[in-house]
Amino acid sequence: MKAISDNSISRVRLWCAITLGLLASLVWQAAAAQLGPIDTGGYAEYRFDHISGGNAGSPVAHRFALRSDFATYVWRPWLLTASGGLNVVYGTSDSATTSRESTSLGGNLRLDFLPRSRFPLSVYFRDTDEDSEAASVRTSGATRQYGFTQQLHTERFGRYNLDWQRGESSSLSETSILVGRHRRFERAELSADKSVGAHRFGLTSRFLDLSSDSPNSNTESVRHTLRHNFRGGTNFTWRNDAFLNDETQTNEIFWSDRRYYQFNSILTWIPETRRRLLVTGRGLLQGSESKTSTSDFGQTS
C-alpha cells in the first residue's frame with residue numbers, strides 16, 4: 001500500500017514539474033509573438049460561521065478564498081486566445097470535540113485556436129491539490145484533467161464535434177495505517193448533426209474507460225445515440241431515438257458484461273378542426289443482455 005502511495009506522489013510531482021515547464025515555455029513564446037492586452041479579474045472572500053447551542057459545543061469556522069482570472073490573445077484575437085485562473089482556499093473549524101484545517105489550490109488554463117473559424121480547436125488543463133487534517137488524521141489529494149475539443153461547421157455536410165478528456169486523481173490518508181488510492185479515466189465523444197430538408201439527423205458516440213487501484217477495478221462503456229426529427233409544417237412532428245449501451249466491469253472477484261438497447265418513437269399531429277385536437281402516438285422497444293462470471297483481474301474480457 002505504501003508503494004502505491006509513493007508512486008502516486010511521485011507522479012503528482014512529475015506532472016507539476018512538467019506543467020510548470022509548459023507554462024514557462026508558453027509565456028516565453030507568447031511574449032515573443034506579440035501578446036495582446038491582458039484582462040484580469042478576481043475576488044477575495046472571508047466567511048465566518050458560528051453555531052450556538054446543541055451538543056456540538058458552539059463550533060466556529062473560518063474560510064478564506066482568493067481567486068484570480070486572466071484572458072488575453074496572441075497576435076490577433078481570431079488566431080489564438082488564452083484564459084486561465086488560480087484559486088486558493090484556506091479554512092479552519094473548531095468545536096469542543098475536534099478541530100479541522102484544510103487548504104486547496106486549483107488552477108486552469110485554456111487555449112482556443114482559430115475560435116472564430118469553422119474548425120475551432122480548444123485545449124484545456126485543470127489541476128487541484130487539497131490537504132486537510134483533523135483528529136490526527138491527515139488527508140491529501142490531487143486531481144488533474146486535460147483534453148481538447150475539435151469542431152467542424154459546414155453548411156453542406158453538417159456539424160461535427162470531437163471531445164477527448166483524460167484525468168487522474170490520487171488520495172492519501174495518514175493514520176496509524178497509510179492508505180492510498182489512485183484513479184484514472186479517459187473519455188472520448190464524437191457527435192454529428194445534419195439537416196436534410198424537413199429531416200434532422202444526429203449521432204453521438206461516447207467511449208469511457210475508468211480504472212482504480214486499491215481495490216483494482218476497471219469499467220469500459222460504449223454508448224451510441226441516433227436521433228431523427230421530422231417536422232411536416234406546423235401541425236405534424238415525428239421523433240425517433242435509438243440507444244445502444246455496452247458496459248464491461250472487471251475487478252478482483254468477477255467480470256460482467258451488460259448490453260442495453262432502446263428504440264423510442266413519438267408522433268404528434270394537430271388537425272385543423274373547429275375544436276382543438278391533439279393526436280399523439282408512441283412506440284417503445286427495449287431490451288438488455290448481461291453476462292457475469294468469476295474472473296481474475298487483468299484477464300481479457
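Please read these numbers as outputs of a predicted model, since none were measured by experiment.

Caption draft 1: Focus on the environment of glutamate 155. Its location among the elements puts glutamate 155 in the loop between β6 (137–154) and β7 (158–174). Spatially, the C-alpha atoms of glutamate 155 and arginine 118 are 9.9 Å apart, while their sequence positions differ by 37 residues. In this structure, glutamate 155 is in contact with Arg118 and Lys194, ignoring residues within four places of it in sequence.

Caption draft 2: Summary view of the pattern of salt bridges. Tallying each qualifying case throughout the model produces 13 salt bridges. Note that arginine 187 and aspartate 163 form a salt bridge whose closest N and O atoms lie 3.3 Å from each other. Highlighted residues: arginine 187 in strand β8 (residues 178–196) and aspartate 163 in strand β7, separated in sequence by 24 residues. Of the charged contacts in the structure, one is a salt bridge between arginine 187 and glutamate 189, with a shortest N-O distance of 2.8 Å. In the salt-bridge network here, residues are joined through shared partners; they are Asp163, Arg187 and Glu189.

Caption draft 3: Quick peek at the confidence of the model for the protein chain. The share of residues in the protein chain with pLDDT of 70 or more is 82%, and the mean pLDDT across the chain is 83. When mean pLDDT is compared element by element in the protein chain, strand β9 (residues 199–212) scores highest at 93, while helix α1 (residues 2–32) scores lowest at 54. Counting contacts from residues 1–6, a segment whose pLDDT is below 50, to residues more than four positions away or on other chains yields 8 contacts. Segment residues 297–301 is flagged for pLDDT under 50; beyond a separation of four residues in sequence, or across chains, it makes 9 contacts in the model.

Quick notes on the rules
- Residues numbered from 1 in each chain as written.
- Predicted model: local features only at pLDDT ≥ 70, side-chain atom pairs only at ≥ 80, totals over all residues.
- Heavy atoms only, no water.
- Helix = DSSP H or I, 4+ residues; strand = E, 2+ residues; numbered from the N terminus.
- Contact = heavy atoms within 4.5 Å.
- Salt bridge = Lys/Arg side-chain N within 4 Å of Asp/Glu carboxyl O.
- pLDDT = per-residue confidence, 0-100.

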